[in-house]
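Here are the chains, one letter per residue:
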Amino acid sequence: VMVNPMVEEITGYSAHEIATLDEWFRVAYPGRTDEIRSRYEALRAEGFPRRPIVAVTRADGTERDVQFGGAVIGDRVVWTLADVTDQLATERRFRTLFDASADGILLVRDNLVLEANGSALRMFGAASLDDLFGKHVLELSDPAMDAPG
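It should be emphasised that the depicted structure is a prediction, and the values quoted were computed from it without experimental measurement.

## Quick notes on the packing of aromatic side chains
Okay, step 1: Inspection of every chain in the model, using the stated rule, returns 11 aromatic pairs.
Okay, step 2: Each ring, one from Phe 25 and one from Tyr 29, has its centre 5.9 Å from the other, and the planes form 35°; the classification is tilted.
Okay, step 3: When its relative accessible area of 3% is taken as the criterion, Phe 25 is described as buried.
Okay, step 4: Residue classification places Tyr 29 among the buried positions, given a relative accessible area of 6%.
Okay, step 5: Each residue in the set Trp 24, Phe 25, Tyr 29, Tyr 40, Phe 48, Phe 68 and Trp 79 is aromatic and connected to the rest through ring pairs, giving one cluster.

## Things to note about the sheet that holds strand β3 (residues 76-83)
Okay, step 1: Taken in spatial order, the three strands line up as β1-β2-β3 in an open sheet, and their pairing is antiparallel. With partners counted over all chains shown, the strands left at the sheet margins are β1 (53-57) and β3, one partner each. Mean inter-strand twist for the sheet, computed between neighbouring axes without regard to direction, equals 45°.
Okay, step 2: Examined bridge by bridge, strand β2 (residues 63-73) and β3 share eight bridges and lie antiparallel to one another. Bridge pairing in β3 places Gln 67 opposite Ala 82.
Okay, step 3: Sitting on the sheet, helix α2 (residues 21-28) touches β1 and β3, and the angle it makes with β1 is about 85°.
Okay, step 4: Here helix α4 (residues 85-100) sits on the sheet in contact with β1, β2 and β3, set at roughly 120° to β2.

## Notes on unusual backbone geometry
Okay, step 1: Phi is positive for Asp 110, close to 55°, though the residue is something other than glycine.
Okay, step 2: Position of Asp 110 relative to the elements: it lies in the loop between β4 (106-109) and β5 (112-116).
Okay, step 3: In this structure Asp 110 comes out as exposed when scored by relative accessible area, which is 66%.
Okay, step 4: In this model, Asn 111 sits at a positive phi of 65°, which is unusual for a non-glycine residue.

What counts, and at which threshold
Residues numbered from 1 in each chain as written. Predicted model: local features only at pLDDT ≥ 70, side-chain atom pairs only at ≥ 80, totals over all residues. Heavy atoms only, no water. Phe/Tyr/Trp six-rings, centres within 6.5 Å; stacked < 30°, edge-to-face > 60°. Buried < 20%, exposed > 50% of the residue type's maximum accessible area, 1.4 Å probe, protein only. Pairing = 2+ DSSP bridges. Helix = DSSP H or I, 4+ residues; strand = E, 2+ residues; numbered from the N terminus. Axes fitted to C-alpha atoms, helices over the stretch in contact; angles between N-to-C directions. Contact = heavy atoms within 4.5 Å.

Okay, structure coming up:
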């Protein structure tokens, strides 16, 4: 196993402490070594079609959420690790504010509704997101409001 400085920063382990694949699974996933190793082997056999997020235990005992990617290149496997802990925490805070807002909020991409909070559902008389999902935002406007005058 070859470890770069970023992996050392994410995990708190030096390259010497995780010099083998067995050591990696032992230190990064205590108590879950076999489970995570099995998931890894299944992903590897499939050619790493997904990039799962897995909690990695750092040398100081704290956990970080790490998105794992891999690629088989010849007889070697190259991993990518991205610490997404802060991103996930931000997304949870956004979701809490989004869901709790008294203001109607729509998330829109290319003028199509992707998400709506409960206040927006009530505002548009929708029973669920299914009633709004994929609609063009102009379909939601009141024609009386668009009339000149």
